[in-house]
Amino acid sequence: MTALRISTVVAEFDLDAVYRFLSQEAYWSKGLPRAVFDRAVANSLCFGGFLGEAQIAFGRMITDRATFAYLADVFVLPPHRGQGYSKQLMDAVVAHPDLQGLRRIVLVTGDAHGLYARYGFTALAAPDRYMERHQPGIYTSG
């Protein structure tokens, strides 16, 4: 397995490629408007995974960097899956200095429970305490 170079310097990212994947291919964000994507990146701690100059992975933490974080938009491009790159990306995320000592980190996933379990994520201990305002079609509805 080739080592993935991980960066948090957004100026190095191929934001067009990340946006294209999130808005056209990711099941959780189809139809994502570009302005919403740009705001999300600007207000998050973002991680890019690179093979040479090509960006093949992405993830972002929405966080106050003191008590709480929400992990979102994690992906490895399809041709590069199954080669351990998601683990390399997650290794970098959980080791980032700004994310140490947080009381709670949460995420939502439809298909990567095994990956996240390796990093200590579990089902909600008290789901009755959580509430959400979920608008799944917000990017595609009028």
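The shown structure was predicted, so the numbers you read here are calculated from the model rather than taken from an experiment. (Residues numbered from 1 in each chain as written. Predicted model: local features only at pLDDT ≥ 70, side-chain atom pairs only at ≥ 80, totals over all residues. Heavy atoms only, no water.)

A. Inspection of the pattern of salt bridges at higher detail. What the rule picks out here adds up to five salt bridges. As a salt-bridge pair, Glu 12 and Arg 5 come within 2.8 Å of each other at their nearest N and O atoms. Of the charged contacts in the structure, one is a salt bridge between Arg 34 and Asp 16, with a shortest N-O distance of 2.9 Å. One end of the pair, Arg 34, is in helix 2 (residues 34–42); the other, Asp 16, is in helix 1 (residues 15–24), with 18 residues separating them in the sequence. Classification of Arg 34 by relative accessible area gives partly exposed; the value is 29%. The class for Asp 16 is partly exposed, based on a relative accessible area of 46%. Look at the salt bridges and you will find they share partners, linking Asp 16, Arg 34 and Asp 38 into a network. (Salt bridge = Lys/Arg side-chain N within 4 Å of Asp/Glu carboxyl O. Helix = DSSP H or I, 4+ residues; strand = E, 2+ residues; numbered from the N terminus. Buried < 20%, exposed > 50% of the residue type's maximum accessible area, 1.4 Å probe, protein only.)

B. The arrangement of the nonpolar core in detail. Core analysis: the biggest nonpolar cluster contains 21 residues, and Phe 47, Met 61, Leu 71, Met 90, Leu 99 and Tyr 116 have the highest contact counts within it. Breaking this core down by element, the ones donating at least two residues are strand 2 (45–51), strand 3 (54–63), strand 4 (68–76), helix 3 (85–95) and helix 4 (113–117). Sequence-distant contacts of Tyr 116, that is, excluding residues within four places in its chain, are made with Leu 71, Val 74, Met 90, Leu 107, Thr 109 and Phe 121. In this structure, Phe 13, Val 41, Cys 46 and Phe 75 belong to the second largest nonpolar core, which totals 13 residues. (Core = buried A, V, L, I, M, F, W, Y, C linked by side-chain atoms within 4.5 Å. Contact = heavy atoms within 4.5 Å.)

C. The packing of aromatic side chains, seen in detail. One pass over the full model with this rule turns up seven aromatic pairs. Residues Tyr 19 and Phe 37 carry aromatic rings whose centres are separated by 5.4 Å and whose planes lie at 50 degrees to one another, so their mutual orientation is tilted. Placement of the pair is Tyr 19 in helix 1 and Phe 37 in helix 2, with a sequence separation of 18 residues. Of the two residues, Tyr 19 and Phe 37, neither departs from the other in class, the shared state being buried. Seen from their ring centres, Tyr 27 and Trp 28 are 5.0 Å apart, and the 85 degrees between their planes marks the pair as edge-to-face. Members of the aromatic cluster, each reached through a chain of ring pairs, are Phe 13, Phe 21, Phe 50, Phe 58 and Phe 75. (Phe/Tyr/Trp six-rings, centres within 6.5 Å; stacked < 30°, edge-to-face > 60°.)

D. Here's a closer look at the sheet that holds strand 1 (residues 5–7). Strands sit in the order 1-2-3-4-5 across an open sheet of five strands; the sheet is mixed. Each having just a single partner strand, strand 1 and strand 5 (104–107) make up the two edges of the open sheet. On average, each strand axis in the sheet is inclined to that of its neighbour by 25 degrees, with strand direction left out of account. As judged from the seven bridges shared by strand 2 and strand 3, these two strands associate in the antiparallel manner. Bridge pairing in strand 3 places Cys 46 opposite Arg 60. Sitting on the sheet, helix 3 touches strand 1, strand 2, strand 3 and strand 4, and the angle it makes with strand 4 is about 155 degrees. (Pairing = 2+ DSSP bridges. Axes fitted to C-alpha atoms, helices over the stretch in contact; angles between N-to-C directions.)

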